[in-house]
Amino acid sequence: MQAADVMTPNVITVSPDSEVSEIASLLLEHGISAVPVVDADDKVLGIVSEGDLMRRVENDTDQHKSWWLKLFSGGGNAVDYVKSHGRKASEIMTPHPLTISEDEPLHHIASLLEKRRIKRVPVVRDGRLVGIVSRSNLLRGFSVSRQPAAGGDDRAIRDAILKEVDQNTGVVVDRLNIIVADGKVQLWGLVDSKEQRQAVQVAAENIDGVTEVENNLGFMPRGMGGY
């Protein structure tokens, strides 16, 4: 299996000028832990994660350090200051993140995440963002015991399900992860209601080539709008 078989498409993104408060709201609303920062051409410039936002919270604690401790620590660091006080995505993001192509094998992606100690990696096509692969995407892909499908139909089935859900059910597809192996479909992610959960299942069942649907969809916590 490759990145295109497990990635989350329709990625929520922000611009370099997006305000920190806007980014925090997006993470909470969609139940995700990071957002890519892209330019007008969807080129990935960086990533803002929960960890980047937490630096601002930690900074509030740092303000209470005694004057003598600050004296011995040298009074601060310019890079850390920008990270903890910046108001825009371009100021607090991790720049120049690692990216992968759609045909990157899962075992290679897993190795990259482990080696770089990161939790997710953007997927690009011709330099433009088309998806994101997180550790949870990988685990779901590895959990599928499969033999190579004839003609690569599994990917076509996955694309067809996502298109059907996006265009006709009212379900937000960026909260879904769909795994297809030999026509057997696993539905993962979060929806808002039992009706939406059933709608995604029906959409999958009606796609040509689907032989079985395993519905693992959960429900969004109240007050939240996930990777």
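Up top is the structure.
None of the values given here were measured: they were computed from a predicted structure.

Novice: What's the story with the overall build of the protein in this structure? I'm lost.
Specialist: Along the protein, the regular secondary structure elements total 10 helices and nine strands. Across the 227 residues in the protein, those meeting the buried criterion constitute 41%. Within the structure as shown, the protein displays about 12700 Å² of accessible surface, and the carbon and sulfur contribution to it stands at 50%.

Novice: Can you help me understand the side chain of Ser134 in this one?
Specialist: Tracing the backbone shows Ser134 in strand S5 (residues 128-134). Among the residues examined, Ser134 registers a relative accessible area of 4% and is labelled buried. A distance of 2.9 Å separates the side chain of Ser134 from the side chain of Ser136, its partner in a polar contact.

Novice: Any chance you could explain the nonpolar core here in plain terms?
Specialist: Soluble globular proteins: nonpolar side chains tend toward being buried together. Counting 19 residues, the largest nonpolar core has Ile161, Val165, Leu176, Val185, Leu187 and Val200 as its most contacted members. Those elements giving two or more residues to this core turn out to be helix H9 (153-168), strand S6 (176-181), strand S7 (184-191) and helix H10 (194-205). A total of four residues in this core trace back to one element, the largest contributor, which is H9. Apart from residues lying up to four places away in sequence, Leu187 is in contact with Asn177, Ile178, Val200, Gln201, Ala204, Val213, Glu214, Asn215, Asn216 and Leu217. Listed in part, the 15 residues of the second largest apolar core include Ile100, Leu106, Val121 and Val123.

Novice: In this structure, what is going on with H10? I would like to understand it.
Specialist: The periodicity of an α-helix, 3.6 residues per turn, causes residues three or four positions apart to be oriented the same way. If you check H10, its first and last C-alpha atoms are 17 Å apart, about what 12 residues at 1.5 Å a residue would give, namely 16 Å. For H10, the full list of buried residues reads Gln196, Val200, Ala203 and Ala204. Angularly, the buried residues of H10 cover 100° about the axis, an arc narrow enough to put them on a single face. Turned more than 90 degrees off the buried face of H10, the exposed positions are Lys194, Glu195 and Gln198. Contacts from the buried residues of H10 go to H9, S6, S7 and strand S8 (212-215).

Novice: Honestly, the sheet that holds strand S1 (residues 34-38) in this entry has me stumped. Any pointers?
Specialist: Consider a sheet: its strands pair through backbone hydrogen bonds, and that pairing is either parallel or antiparallel. One open sheet holds the three strands; their spatial order is S1-S2-S3, and the pairing between them is antiparallel. Whereas interior strands pair on both sides, the edge strands pair on one side only; in this sheet they are S1 and strand S3 (94-95).

Novice: When you look at helix H2 (residues 20-30) in this model, what are you seeing that I'm missing?
Specialist: Within the sequence span of H2, burial applies to Val20, Ile23, Leu26, Leu27 and His30. Mapping the buried residues of H2 onto a view down its axis gives an arc of 120°, with all of them on the same face. Away from its buried face, by an angle of more than 90 degrees, H2 presents the exposed residues Ser21 and Leu28.

Novice: How should the layout of surface pockets be read in this particular structure?
Specialist: Once rolled over the atoms, a probe with the size of a water molecule shows which space is left empty. Quantified by volume, the second largest pocket comes out at close to 320 Å³. Lining of the second largest pocket is provided by 15 residues; of these, Ile47, Thr94, Ile118, Lys119 and Arg120 occupy positions nearest its centre. For the lining of the second largest pocket, the secondary-structure elements that each account for two or more residues are strand S2 (44-49), helix H3 (50-62) and strand S4 (120-125).

Novice: Where do I start with a negative patch on the surface in this structure?
Specialist: Negative charge collects at one region of the surface, where Asp17, Glu19, Glu22 and Glu91 lie side by side. Mapping Glu22 onto the fold places it in helix H2. Its relative accessible area of 40% is what places Glu22 among the partly exposed residues.

Novice: I keep staring at the pattern of salt bridges and nothing clicks. Help me out?
Specialist: Pairs may arise between side chains of opposite charge once their charged atoms sit close together. On inspection of all chains with the given rule, the structure shows three salt bridges. In this structure, Glu102 and Arg125 form a salt bridge, with 2.8 Å as the shortest nitrogen-oxygen distance. In this pair, Glu102 is assigned in the loop between S3 and helix H7 (106-116) and Arg125 in strand S4, connecting sequence segments 23 residues apart. Across the salt bridge formed by Asp192 and Arg175, the nearest N and O atoms sit 3.0 Å from each other. Placement of the pair is Asp192 in the loop between S7 and H10 and Arg175 in the loop between H9 and S6, with a sequence separation of 17 residues. On the accessibility criterion, Asp192 (45% relative accessible area) is partly exposed. Look at Arg175 and you get buried, because its relative accessible area is 9%.

Novice: I tried to follow the packing of H7 against helix H8 (residues 135-142) on my own but got confused; where do I start?
Specialist: Describing two packed helices takes the angle between their axes plus the distance from one axis to the other. Following both chains from N to C, one finds H7 and H8 inclined at 145°, their axes separated by 11 Å at the closest point. Classified by chirality, the crossing of H8 by H7 is left-handed. Contacts between H7 and H8 pair Leu106, His107, Ile109, Ala110 and Leu113 from the former with Arg135, Leu138, Gly141 and Phe142 from the latter. Of the residues that constitute the contact of H7 with H8, the class distribution is six nonpolar, two polar and one charged.

Procedures and definitions
- Residues numbered from 1 in each chain as written.
- Predicted model: local features only at pLDDT ≥ 70, side-chain atom pairs only at ≥ 80, totals over all residues.
- Heavy atoms only, no water.
- Helix = DSSP H or I, 4+ residues; strand = E, 2+ residues; numbered from the N terminus.
- Buried < 20%, exposed > 50% of the residue type's maximum accessible area, 1.4 Å probe, protein only.
- Areas by Shrake-Rupley, 256 points an atom, 1.4 Å probe, with all protein chains shown as cover.
- Polar contact = N/O pair within 3.5 Å; in protein donor to acceptor, adjacent residues only side chain to side chain.
- Core = buried A, V, L, I, M, F, W, Y, C linked by side-chain atoms within 4.5 Å.
- Contact = heavy atoms within 4.5 Å.
- Expected span 1.5 Å × (residues − 1).
- Arc of directions from axis to C-beta.
- Pairing = 2+ DSSP bridges.
- 1 Å grid on protein atoms, 1.4 Å probe; cavity = no way out; pocket = protein on both sides within 12 Å on 5 of 7 lines; lining within 4 Å.
- Points joined across faces, edges and corners; volume = space filled by probe spheres on them.
- Patch = residues over 30% accessible without salt bridge, like charges linked within 9 Å, V, L, I, M, F, W, Y side chains within 5 Å.
- Salt bridge = Lys/Arg side-chain N within 4 Å of Asp/Glu carboxyl O.
- Lys, Arg positive; Asp, Glu negative; His and termini not counted.
- Charge placed at Lys NZ, Arg CZ, Asp CG, Glu CD.
- Axes fitted to C-alpha atoms, helices over the stretch in contact; angles between N-to-C directions.
- Left-handed = near helix turned anticlockwise from the far one by under 90°.
- Nonpolar A, V, L, I, M, F, W, Y, C, P; charged D, E, K, R; others polar.

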